[in-house]
Amino acid sequence: MPRHEPQTRERIIMGAADLIRRRGLAGSTVRDLATHSGAPLGSTYHYFPRGKQQLAAEAVRYAGDLVSRSLSRELQAGPIAGLRAFLALWRQIVLDSDFTAGCPVLAVAVEEPPADTDPEAINAGADVFTAWENLLAGSLHDHGVPTGQAAQLATLIVAAVEGTVAMCRAKRDIAPLDAVAAQLETLITTTIRT
């Protein structure tokens, strides 16, 4: 069966997500995002007429959906399996990029919103974080954790993992992710048993 080759719009979104996770949004122009994806600048403006914020929002949604699909699939085996998969995904990204790439959702979320336009990319980031929290909270609740506690623990997991990815990049060391992984797994195991 032939392998799916991404169409131009999809290729631009994938390239933007990759560059944003490496350089951040402020450090990337529309021209940079187009060049990184191998697409002409004109095509980028054709598909994203509102410019950089629209493209970044689509890139964040794309990256978020990839993680959500993986997380959803793994959570079918329970919250520990989902957590392990979530952590393994970020571990692979950080190590495969030699500590130069992190999460494009976090990269967009920590930047100053544009003063003159709708913060489309930040809004997309908020939606992605909420989706991940909801997936985790749902699994925890399905395994006996009360709704409120499940939501709080899900927020803690997402915040801890995102923060730890940033720490790993800064320290150029995977040890913070391993330490947080062990503690989160212990916390989930304890919470499910009580």
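Scroll up a little and you will see the structure.
What counts, and at which threshold
- Residues numbered from 1 in each chain as written.
- Predicted model: local features only at pLDDT ≥ 70, side-chain atom pairs only at ≥ 80, totals over all residues.
- Heavy atoms only, no water.
- Helix = DSSP H or I, 4+ residues; strand = E, 2+ residues; numbered from the N terminus.
- Rg over C-alpha atoms; globule rule 2.2 N^0.38 Å.
- Buried < 20%, exposed > 50% of the residue type's maximum accessible area, 1.4 Å probe, protein only.
- Contact = heavy atoms within 4.5 Å.
- Salt bridge = Lys/Arg side-chain N within 4 Å of Asp/Glu carboxyl O.
- 1 Å grid on protein atoms, 1.4 Å probe; cavity = no way out; pocket = protein on both sides within 12 Å on 5 of 7 lines; lining within 4 Å.
- Points joined across faces, edges and corners; volume = space filled by probe spheres on them.
- Nonpolar A, V, L, I, M, F, W, Y, C, P; charged D, E, K, R; others polar.

Undergrad: What exactly am I supposed to notice about the overall build of the protein chain here?
TA: For the protein chain, the helix and strand inventory stands at nine helices and zero strands. Moving toward the C terminus, one meets the helices and strands of the protein chain in the order α-α-α-α-α-α-α-α-α. For the protein chain, the C-alpha radius of gyration of 18 Å lies close to 16 Å, the compact-globule estimate for 194 residues. On the principal axes, the C-alpha backbone points of the protein chain span a range of 55 × 45 × 30 Å. Within the protein chain, buried positions represent 44% of all 194 residues. Taking the intrachain contacts of the protein chain between residues at least 6 apart in sequence as the baseline, contacts between residues at least 24 apart amount to 68%.

Undergrad: Any chance you could explain the pattern of salt bridges here in plain terms?
TA: Pairing between side chains of opposite charge can happen when the charged atoms of each approach one another. The full count for this structure, using the stated rule, is nine salt bridges. Here Arg22 and Asp18 are joined by a salt bridge, their closest N and O atoms 3.1 Å apart. A residue pair is termed a helical-turn pair when its members lie 3 or 4 positions apart in one helix, as Arg22 and Asp18 do in helix α1 (residues 8-23) at four residues. Classification of Asp18 by relative accessible area gives buried; the value is 17%.

Undergrad: When you look at the layout of surface pockets in this model, what are you seeing that I'm missing?
TA: Rolled over the atoms, a probe with the dimensions of a water molecule shows which regions are left empty. Of the volumes computed, that of the largest pocket is approximately 240 Å³. Around the largest pocket, the lining is made up of 13 residues, and of these Arg21, Tyr62, Ala63, Leu66 and Ile93 lie nearest the centre. In the lining of the largest pocket, the residues fall into ten nonpolar, one polar and two charged.

Undergrad: In this structure, what is going on with the environment of Arg91? I would like to understand it.
TA: You can see Arg91 is positioned in helix α5 (residues 79-96). Taking the C-alpha atoms as reference points, Arg91 and Ile174, 83 residues apart in sequence, are found 7.4 Å from one another. Not counting the four nearest positions on each side in its chain, Arg91 is found in contact with Ile174, Leu177 and Asp178.

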